[in-house]
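For reference, the chains in residue letters:
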Amino acid sequence: MSTVFSKIIDGELPGRFVWSDERAVGFLSVNPLGPGHTLVVPRVEVDQWLDADPDLLAHLTAVSHAIGDAVRTIWNPPRVGWLVAGFEVPHLHLHVFPAWDMAAFDFANAATSVDAAEQDAHRDAIRTALREGGHGASVPS
């Protein structure tokens, strides 16, 4: 059975994509830990990071790094968070988000609802920063 992430990747469910290539996608979280909270997800369903091929994991890390640079450029937080949790959805995903303190890493503080226009603005800002950072080929239009 397809995961919710596969359904987003396949267009069966909506997603605010900031990255798309042959191996991975990046889209905004529906329950963000902060503005621009992006999930980096492999196209292939892999349950957890230890099950991923090392080359795939390296690619996901590189994508996360590019998105993290964009997040830092836009929001200028003291840190950019990067987490692998995976209890929410059994499909490997890396969380990239701005962090102003340790509370930013606590999923109990995740937003339970988001403003669609604000999320669209965050998506657009990340896409612009990625294009300006030389990643235009992987930024969806």
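Residues numbered from 1 in each chain as written. Predicted model: local features only at pLDDT ≥ 70, side-chain atom pairs only at ≥ 80, totals over all residues. Heavy atoms only, no water.

Student: Could you give me a rundown of the nonpolar core, with the residues and numbers involved?
Tutor: Most often, soluble globular proteins have nonpolar side chains that are buried together. In this structure, Val18, Trp19, Val40, Leu60, Ile67, Ile126 and Leu130 are the most contacted members of the largest nonpolar core, which totals 22 residues. Only strand 1 (17-20), strand 2 (24-28), helix 2 (54-75), strand 5 (94-99) and helix 3 (116-132) provide two or more residues apiece to this core. Residue contacts for leucine 130: discarding those within four places in its chain leaves Val18, Trp19, Ala66, Ile67, Ala70, His135, Gly136 and Val139. (Core = buried A, V, L, I, M, F, W, Y, C linked by side-chain atoms within 4.5 Å. Buried < 20%, exposed > 50% of the residue type's maximum accessible area, 1.4 Å probe, protein only. Helix = DSSP H or I, 4+ residues; strand = E, 2+ residues; numbered from the N terminus. Contact = heavy atoms within 4.5 Å.)

Student: Help me get a handle on the pattern of salt bridges, residues and values and all.
Tutor: All chains considered together, the criterion is met by four salt bridges. Note that arginine 123 and aspartate 120 form a salt bridge whose closest N and O atoms lie 3.5 Å from each other. Here arginine 123 pairs with aspartate 120, and both are found in helix 3, just three residues apart, close to one helical turn. Ionic pairing is found between arginine 123 and aspartate 124, a salt bridge with its closest N-O pair at 3.0 Å. Owing to a relative accessible area of 17%, arginine 123 belongs among the buried residues under this scheme. By relative accessible area, which is 35% here, aspartate 124 ends up partly exposed. Because the salt bridges share partners, they merge into one network encompassing Arg16, Asp120, Arg123 and Asp124. (Salt bridge = Lys/Arg side-chain N within 4 Å of Asp/Glu carboxyl O.)

Student: Please set out helix 3 residue by residue, giving values where relevant.
Tutor: Owing to its 3.6 residues per turn, the α-helix aligns residues three or four sequence positions apart on the same side. Across its 17 residues, helix 3 extends 24 Å between first and last C-alpha, which sits within 8% of the 24 Å expected from 1.5 Å per residue. For helix 3, the set of buried residues is Gln119, His122, Arg123, Ile126, Arg127, Ala129 and Leu130. Each buried residue of helix 3 lies within a common arc of 165° when the element is viewed along its axis, so the set occupies one face. Residues of helix 3 that are exposed and point over 90 degrees away from its buried face: Ala117 and Glu132. The elements touched by buried residues of helix 3 are strand 1, strand 2, strand 3 (38-42) and helix 2. Where helix 3 begins, the side chain of aspartate 115 points an oxygen toward the backbone nitrogen of alanine 117, at a separation of 3.2 Å. One or two residues past the end of helix 3 sits glycine 134, with phi positive at roughly 90°. (Expected span 1.5 Å × (residues − 1). Arc of directions from axis to C-beta. Polar contact = N/O pair within 3.5 Å; in protein donor to acceptor, adjacent residues only side chain to side chain.)

Student: Any details on the sheet that holds strand 5? Residues and values, ideally.
Tutor: The five strands lie next to each other as 1-2-3-5-4, forming an open sheet whose pairing is antiparallel. Edge positions in the sheet fall to strand 1 and strand 4 (79-84), since each of these pairs with one other strand and no more. Strand-to-strand, the axes of this sheet are offset by a mean angle of 20°, without reference to chain direction. Alignment of strand 1 against strand 2, held across three bridges, turns out to be antiparallel. Note that in strand 2 the partner of serine 20 across the bridge is valine 25. The sheet strands contacting helix 2 are strand 1, strand 2, strand 3, strand 4 and strand 5, and the helix crosses strand 5 at an angle near 20°. Against the sheet, helix 3 touches strand 1, strand 2 and strand 3, its axis set at about 35° to strand 1. (Pairing = 2+ DSSP bridges. Axes fitted to C-alpha atoms, helices over the stretch in contact; angles between N-to-C directions.)

Student: Run through unusual backbone geometry, naming residues and quoting values.
Tutor: Phi is positive for asparagine 76, close to 50°, though the residue is something other than glycine. Within the element layout of this structure, asparagine 76 appears in the loop between helix 2 and strand 4. Judged by its relative accessible area of 61%, asparagine 76 falls in the exposed class.

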